[in-house]
Amino acid sequence: MPGEGTGTPAASGSTATLASLRDRVRVMVEAVAGAPDPLVVTAANTDIDLLRTRLANTLKDASAEIWEESDLTEALRKALEQYSRVSPNSAIGTKQIEVASREIDISDLANVSRVERVWWNYDESDPGYAPNWKQFQVWPGAILFIEDEDIPQIGDVVRVWYTKPHTISGLDEGDNTTIPNEDIGYIVTGAAGFALLSRAVALVEEATLDSKTNENLRKLAEEHLANFRAGVNKQQPAWQRNAFAYSQDDIHEALRWALHRYSLVEPDVTIATLTLEADGREIDISSLDDMLKTRKVWLPYEADEPARWRSFEQWPGDVLYISDGYEPNSGDVARIWYTRLHALSGLDSATVTTIAPDVETLIVIGAAGLVAQMRAQERNVETFVPSKLREWAEARLAEFEDSLKRIRNKPAGGFVAWQPARRRRVPRS
């Protein structure tokens, strides 16, 4: 016996949306695994000549009696290479897709050390929020592979965040100096260490060399290099400061999973009103396509009359069977309380959020734990992710599951639907 009607929430939910919870998840995981660092907008106003002069003064060789210009240049080059490995230069490039493919040639992005984040599809005139980060791999031959079900199409724009070595104006055709002004001193100190070490190697076989000279040069070189490395490492490593971005798709899937897990423990309770179109005890409830389980039934429903609760059974095939003495008639109105999965506004076309405000943090914790666990298992970043990320993910997932267990075990409040127990026949002895 079919019925017609719609469901309405039994209680109001929070005002959280997909965007707001997604941002909270991203903040949590980036706090433990590293957040993108702002680009340096003010680089040092210096060039190779000025740095060589500072280096010569540091080495007490302003008159160039000991070190040749080529030696100072090589020392600065080594210091720059070491500095770039720990704190590389950040850059952004844009690629327009010319052939529909997940494989994108990025060979025209000069001197790429490592790709860190990928935003696709990117529209410069209307970027949108939040950035649509995608997972990716970088293959030999400067191939960027987009790990997504959809394939980039001709005309799409991919924006790439990447790192590359720093440059010094005038050194190896460097057009400008990209090192932050506050770090120039570390470059000079490191170069002094490399210059002293090189001098010690050059003098080691000279017959007239004082036995202490070489030892002193090496000790002085080690002191300078230790100071250089300490200064360069004063910040977090680059992989933490410029962490891989978390894909929106991954965060959405994690929120979907956390919401589903919570729904199985404490589902959303909704009320639907159906008008019966025929006589009979079997009521078609297929119009309630999001139903998990029927809680209670008021039949026939009249707003100004006392509730008439009915015994019922929920059968396969979307059939609600009225199992007490009342025979439903065509035109009766059935008021049905039932459970369904919770919804989050913006996720899977949902227009409302059904979770309570005090549940938002629980959903964020579960989603953040799953996203971090997914990140720790990814092949393309496993080398750069510390064990603490996996441990943090496991701790958050355990916290989430413990909270669900407490919710499951708490006493039920309000009306609890009942169905009459079936009498068991006791065989006569």
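Above this note sits the structure.
Residues numbered from 1 in each chain as written. Predicted model: local features only at pLDDT ≥ 70, side-chain atom pairs only at ≥ 80, totals over all residues. Heavy atoms only, no water.

Enquirer: Explain the overall build of the protein chain to me, please; I cannot follow it from the model alone.
Expert: Along its length, the protein chain carries nine helices and 14 strands. Counting every position in the protein chain, which comprises 429 residues, the buried fraction comes to 44%. When contacts within the protein chain are restricted to residue pairs at least 6 apart in sequence, those whose partners lie at least 24 apart make up 78%. (Helix = DSSP H or I, 4+ residues; strand = E, 2+ residues; numbered from the N terminus. Buried < 20%, exposed > 50% of the residue type's maximum accessible area, 1.4 Å probe, protein only. Contact = heavy atoms within 4.5 Å.)

Enquirer: I'm lost on the side chain of Thr353 in this one. Help?
Expert: Note on placement: Thr353 falls in the loop between strand E14 (333-340) and helix H8 (360-377). At 2.4 Å, the side chain of Thr353 and the backbone oxygen of Ala16 are in polar contact. Polar contacts involving the side chain of Thr353 include one to the main-chain amide nitrogen of Ser345, which spans 3.0 Å. (Polar contact = N/O pair within 3.5 Å; in protein donor to acceptor, adjacent residues only side chain to side chain.)

Enquirer: Before we go on, may I ask you to explain the sheet that holds strand E5 (residues 114-120) in this structure?
Expert: Pairing between the strands of a sheet comes from backbone hydrogen bonds, and it takes one of two forms, parallel or antiparallel. Spatial ordering of the open sheet is given by E3-E8-E5, a layout of three strands whose pairing is antiparallel. Of all the strands in the sheet, the pair left with one neighbour each is strand E3 (89-96) and E5. On average, adjacent strands in this sheet sit at an angle of 20 degrees to one another, irrespective of strand direction. Bridging between E5 and strand E8 (residues 157-164) involves six bridges; their strand directions are antiparallel. Residue pairing for E8: Val115 is matched across the bridge by Tyr162. (Pairing = 2+ DSSP bridges. Axes fitted to C-alpha atoms, helices over the stretch in contact; angles between N-to-C directions.)

Enquirer: Help me out: how do you make sense of the pattern of salt bridges in this one?
Expert: Where charged atoms from two side chains of opposite charge approach closely, those side chains can pair. According to the stated counting rule, one finds 20 salt bridges in the structure shown. Notably, a salt bridge pairs Arg77 with Asp172, separated by 2.8 Å at the nearest N-O pair. Taken together, the positions of Arg77 in helix H3 (residues 69-86) and Asp172 in the loop between E8 and helix H4 (184-203) put the pair 95 residues apart, joining distant regions of the chain. Looking at Arg77, the relative accessible area reads 21%, which means it is partly exposed. Accessibility expressed as a relative area gives 53% for Asp172, which makes it exposed. Here Glu327 and Arg281 are joined by a salt bridge, their closest N and O atoms 3.3 Å apart. In this pair, Glu327 is assigned in the loop between strand E13 (319-322) and E14 and Arg281 in the loop between strand E9 (268-276) and strand E10 (282-284), connecting sequence segments 46 residues apart. (Salt bridge = Lys/Arg side-chain N within 4 Å of Asp/Glu carboxyl O.)

Enquirer: For this particular structure, what's the right way to read the environment of Ala91?
Expert: In this structure, Ala91 sits in strand E3. On the basis of relative accessible area, Ala91 is assigned to the buried category, the value being 10%. Ala91 sits 18 residues away from Leu109 along the chain, and the two C-alpha atoms are 9.5 Å apart.

Enquirer: Please explain the sheet that holds strand E7 (residues 143-146) as it appears in this structure.
Expert: Spatial strand order, E4-E7-E6: three strands in an open sheet with antiparallel pairing. Among the strands making up the open sheet, the edge pair consists of strand E4 (103-105) and strand E6 (136-139). Averaged over all pairs of adjacent strands, the angle between strand axes in this sheet comes to 25 degrees, irrespective of strand direction. By the bridge criterion, four bridges tie E6 to E7 in an arrangement that is antiparallel. Looking across to E7, one finds that Trp139 is bridged to Ile143.

Enquirer: I'm lost on helix H9 (residues 387-409) in this one. Help?
Expert: Helical geometry note: an α-helix holds 3.6 residues per turn, so side chains three or four residues apart project in the same direction. The first and last C-alpha atoms of H9 sit 33 Å apart over 23 residues, in line with the 33 Å expected at 1.5 Å per residue. Residues of H9 that are buried: Leu389, Trp392, Ala393, Arg396, Leu397, Phe400, Ser403, Leu404 and Ile407. (Expected span 1.5 Å × (residues − 1).)

Enquirer: Got a minute to help me understand H4 in this structure?
Expert: For H4, with 20 residues, the first-to-last C-alpha span of 29 Å sits near the 28 Å given by 1.5 Å per residue. Ile184, Ile187, Val188, Gly190, Ala191, Ala192, Gly193, Phe194, Ala195, Leu196, Ala200 and Leu203 are the residues of H4 that are buried.

Enquirer: Mind showing me how you'd approach the environment of Ala79 here?
Expert: Mapped onto the secondary structure, Ala79 falls in helix H3. Residue class for Ala79 comes out buried when judged on its relative accessible area of 0%. It is 8.5 Å that separates the C-alpha atoms of Ala79 and Thr189, two residues lying 110 residues apart in sequence. Leave out the neighbours within four places in its chain, and Ala79 touches Ile187, Gly190, Ala191, Phe194 and Phe228.

Enquirer: Which parts of the structure should I look at to understand the packing of helix H2 (residues 48-58) against H3?
Expert: Relative orientation and spacing of two packed helices are given, respectively, by the angle between their axes and the distance between those axes. Interaxial distance between H2 and H3 falls to 10 Å at its minimum, and their mutual angle equals 100 degrees. Compared by their axis directions, H2 and H3 come out roughly perpendicular. On H3, the residues touching Ile48, Leu51, Arg52, Leu55 and Ala56 of H2 are Glu69, Leu72, Thr73, Ala75 and Leu76. (Parallel < 35°, antiparallel > 145°, perpendicular 65-115°, else oblique.)

Enquirer: Help me out: how do you make sense of a nonpolar patch on the surface in this one?
Expert: A grouping of Leu264, Leu292 and Leu341 is seen on the molecular surface, where their side chains present a nonpolar patch of about 250 Å² in accessible area. Locating Leu264 in the fold gives a position in helix H7 (residues 248-265). (Patch = residues over 30% accessible without salt bridge, like charges linked within 9 Å, V, L, I, M, F, W, Y side chains within 5 Å. Areas by Shrake-Rupley, 256 points an atom, 1.4 Å probe, with all protein chains shown as cover.)

Enquirer: Even after reading the chapter, I still don't get the packing of aromatic side chains, so can you show me in this structure?
Expert: Two aromatic rings are characterised by how far apart their centres lie and by the angle between their planes. Per the counting criterion, the structure on display carries ten aromatic pairs. Relative to Phe145, the ring of Trp139 has its centre 4.5 Å away and its plane inclined at 10 degrees; by these criteria the two rings are stacked. When its relative accessible area of 30% is taken as the criterion, Trp139 is described as partly exposed. Taking 4.7 Å as the distance between ring centres and 85 degrees as the angle between the ring planes, the aromatic pair formed by Trp298 and Tyr301 counts as edge-to-face. Here Trp298 falls in the buried class, since its relative accessible area comes to 11%. Tyr301 gets classed as partly exposed once you look at its relative accessible area, which sits at 23%. A network of ring pairs unites the aromatic residues Trp119, Tyr122, Trp133 and Trp161 as a single cluster. The side chain of Lys296 reaches across the aromatic face of Trp337, ending 4.5 Å from its centre. (Phe/Tyr/Trp six-rings, centres within 6.5 Å; stacked < 30°, edge-to-face > 60°. Lys NZ or Arg CZ within 6 Å of the ring centre and 35° of its normal.)

Enquirer: For this particular structure, what's the right way to read the packing of H2 against H4?
Expert: Viewed as axis vectors pointing N to C, H2 and H4 meet at an angle of 55 degrees, and their least axial separation amounts to 9 Å. Judged by the angle between their axes, H2 and H4 are oblique. Between H2 and H4 lies a crossing of right-handed hand. Residue-level contacts link Leu51, Arg54, Leu55 and Thr58 of H2 to Ile184, Gly185, Val188, Ala191 and Ala192 of H4. For the contact of H2 with H4, the per-class residue count stands at six nonpolar, two polar and one charged. (Left-handed = near helix turned anticlockwise from the far one by under 90°. Nonpolar A, V, L, I, M, F, W, Y, C, P; charged D, E, K, R; others polar.)

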